[in-house]
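# Structural overview
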Amino acid sequence: MTKNAVTDIEPAARPRPLEGVFSIDPYVPGKSSAPGVAKIFKLSSNETPLGPSPRAKEAFRAFADRLEIYPDGRATALRAAIAEHFALDPARIVCGTGSDEIIHLLAAAYLGPGDEGIFTQHGFLVYKIAILAAGGVPIVAEEKNLTANVDAILAKVSPKTKMVFIANPNNPTGTYLPIAEVKRLAASLPAHVILVLDAAYAEYVTSSDYSAGIELVSAGENVVMTRTFSKIHGLAGIRLGWCYAPHAICDAINRIRSPFNTNGAAIAAGIASLEDRDHIEKAIAHNKTWLDWLRQEIGALGIKTTPSVANFLLLHFRDEAEASAADHFLTSRGLILRAVGAYGLPHCLRLTVGSEEANRLVVAGLRDFIKSESAARA
């Protein structure tokens, strides 16, 4: 009998992926639906409630007349716009399909079988995926108070270490390392180890002791800063990111990225978004107002939150069961938060700062949930 079903085929007869591929846990994004609920407030993916700049939307629509044309493979105009916005050298900028792609490119260019990549205990899940996909070995450094700890990271450095990833601010905790600590980490790493500073949420930070790390990249040969247009710029749907890096690292990742990895519509929208500084300032102001409000209101309900400098809050419940119950309760009202068990925080939910309506509904929902839980325990 001929074996047609995949399950009937002997494993030796199938194509086999590289060693370690099946040790990768696929990234699972936050849920985005609540069946049976008329109106949804998606507060699970740290998307901006203000949406993209009107200029970005106009540029995106205008590009529809040029869809048959390949984009500039070097994203020259976008790199020039980024360079002007941040006062950088455009030759040291590489653009990509979100900062996630840049992270994967860095790992692919510099990590091989047996090479170690370090990330922190509750760091962004993509770091581990990128390290494993490159054949490397993921090494976890413990955090202190849900914050990256420089001494713990340095204690994990070995002769096999090739890369260190720091999300600053960190997702999903919202905590950050002051620039003095980042500088101490950079100065303490061996010269051949690349320090990747993932600053996806940098625009939201108003703390005076914070820096995204531009000055560290400019001063050395082994620091890379990654950024995204998915968060404050509101362009998550078209995937756009970039990095600022030493010339040699840019050269390496430019050699392995796909020729047209940044699409034309994204380039046009990104340039227009950078030009609309008023929209960015409005997003910063909205986030500061409502992040503070949410922290105070949720704290008043007796729910602990981790102090955050980003556009989200980490909510702590008594245990995993209560977090899951709160998640289901809120989802039934169309309020979708992010479960973060995959980050080692099963007793927590992550809440994105939303619109005024969404924020007030979340607090009201949490208040009703607590009352229902109290009544059930009585």
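These numbers were taken from a predicted model, which means no experiment stands behind them.

### Focus: the packing of aromatic side chains
- For the coordinates displayed, the defined rule picks out nine aromatic pairs.
- A ring pair is formed by Tyr 201 and Phe 312, whose centres lie 5.2 Å apart and whose planes are at 75°; its orientation type is edge-to-face. Of this pair, Tyr 201 sits in the loop between strand E6 (194-198) and helix H7 (214-219) while Phe 312 is found in strand E10 (residues 312-316), placing the two residues 111 residues apart along the sequence. Accessibility assignment for this pair places Tyr 201 and Phe 312 in one class, buried.
- When the centroid spacing of 5.1 Å and the interplanar angle of 70° are considered together, the rings of Trp 290 and Trp 293 count as edge-to-face. In this pair, Trp 290 and Trp 293 both sit in helix H10 (residues 277-300), three residues apart, roughly one turn of the helix.
- Under the relative-accessibility criterion, Trp 290 is labelled buried at 10%.

### A word on unusual backbone geometry
- In this chain, Asn 168 is followed by Pro 169 through a cis amide linkage whose omega measures 0°.
- Note that the residue after Asn 171, namely Pro 172, is joined by a cis bond; omega there is 20°.
- For Pro 172, the position within the fold is in the loop between strand E5 (161-167) and helix H6 (179-188).
- Phi at Asn 46 is positive, roughly 60°, even though this residue is not glycine.
- Here Asn 46 is to be found in the loop between strand E1 (41-42) and helix H1 (54-62).
- For Leu 146, which is not a glycine, the phi torsion comes out positive at approximately 60°.
- For Leu 146, the position within the fold is in the loop between strand E4 (137-141) and helix H5 (150-156).

### Quick notes on the UniProt feature "domain: Aminotransferase class I/classII large" (unreviewed entry) in the protein chain
- UniProt records the feature "domain: Aminotransferase class I/classII large" (unreviewed entry) for residues 39-363 in the present numbering.
- Between the C-alpha atoms that bound residues 39-363 there is a distance of 17 Å. The span itself is 40% helix and 17% strand.

### Thoughts on the nonpolar core
- Judged by nonpolar contacts, the single largest core of 49 residues is most densely connected at Leu 78, Ile 82, Leu 195 and Trp 242.
- Among all residues touching Leu 78, those that are not within four sequence positions of it are Cys 95, Phe 229, Leu 240, Thr 262, Ile 267, Gly 270, Ile 271 and Leu 274.
- One finds Phe 124, Ala 130, Val 224 and Ile 249 within the second-largest nonpolar core, a separate group that totals 31 residues.

### Looking at the UniProt feature "modified residue: N6-(pyridoxal phosphate)lysine" (unreviewed entry) in the protein chain
- When the UniProt feature table is mapped to this numbering, "modified residue: N6-(pyridoxal phosphate)lysine" (unreviewed entry) covers Lys 231.
- On the secondary structure map, Lys 231 appears in the loop between strand E7 (223-228) and strand E8 (241-244).
- For Lys 231, the residues in contact, after removing those within four places along its chain, are Ser 45, Asn 46, Thr 48, Ala 200, Tyr 201 and Tyr 204.
- A polar atom in the side chain of Lys 231 sits 3.3 Å from the backbone oxygen of Ser 45.

### Concerning the pairing of E5
- Summarising burial for E5: six of the seven residues are buried, a large majority.
- Note that strand E3 (residues 116-120) and E5 share three bridges and pair parallel. When the sheet's bridge partners are listed, Glu 116 is paired in E5 with Thr 161.
- Note on the crossover from E5 through H6 to E6: the handedness is right-handed.

### Points about the side chain of Ser 45
- Within the secondary structure layout, Ser 45 lies in the loop between E1 and H1.
- Within the structure, the side chain of Ser 45 is placed 3.0 Å from the side chain of Lys 42, a separation counted as a polar contact.
- The residues touching Ser 45, leaving out its near neighbours within four places in the chain, are Lys 231, Arg 350 and Thr 352.

### Comments concerning the sheet that holds strand E2 (residues 93-96)
- Spatially, seven strands are ordered E2-E8-E7-E6-E5-E3-E4 in an open sheet, and the strand pairing comes out mixed. Looking along the sheet, the strands with just one partner apiece sit at the ends: E2 and E4. Averaged over all pairs of adjacent strands, the angle between strand axes in this sheet comes to 20°, irrespective of strand direction.
- Here E5 runs beside E6; their pairing, made up of five bridges, is parallel. Residue pairing for E6: Phe 165 is matched across the bridge by Val 196.
- This element, helix H2 (residues 76-86), spans E2, E7 and E8 of the sheet and lies at about 125° to E2.

### Regarding the environment of Lys 371
- As for its placement among the helices and strands, Lys 371 is situated in helix H12 (residues 356-377).
- Once the C-alpha coordinates of Lys 371 and Leu 361 are considered, the two residues, 10 residues apart in sequence, prove to be 15 Å apart.

Rules and cut-offs
- Residues numbered from 1 in each chain as written.
- Predicted model: local features only at pLDDT ≥ 70, side-chain atom pairs only at ≥ 80, totals over all residues.
- Heavy atoms only, no water.
- Phe/Tyr/Trp six-rings, centres within 6.5 Å; stacked < 30°, edge-to-face > 60°.
- Helix = DSSP H or I, 4+ residues; strand = E, 2+ residues; numbered from the N terminus.
- Buried < 20%, exposed > 50% of the residue type's maximum accessible area, 1.4 Å probe, protein only.
- UniProt positions renumbered as here; feature names shortened; annotations may be inferred.
- Core = buried A, V, L, I, M, F, W, Y, C linked by side-chain atoms within 4.5 Å.
- Contact = heavy atoms within 4.5 Å.
- Polar contact = N/O pair within 3.5 Å; in protein donor to acceptor, adjacent residues only side chain to side chain.
- Pairing = 2+ DSSP bridges.
- Right-handed = clockwise from strand over helix to strand, strands pointing away.
- Axes fitted to C-alpha atoms, helices over the stretch in contact; angles between N-to-C directions.

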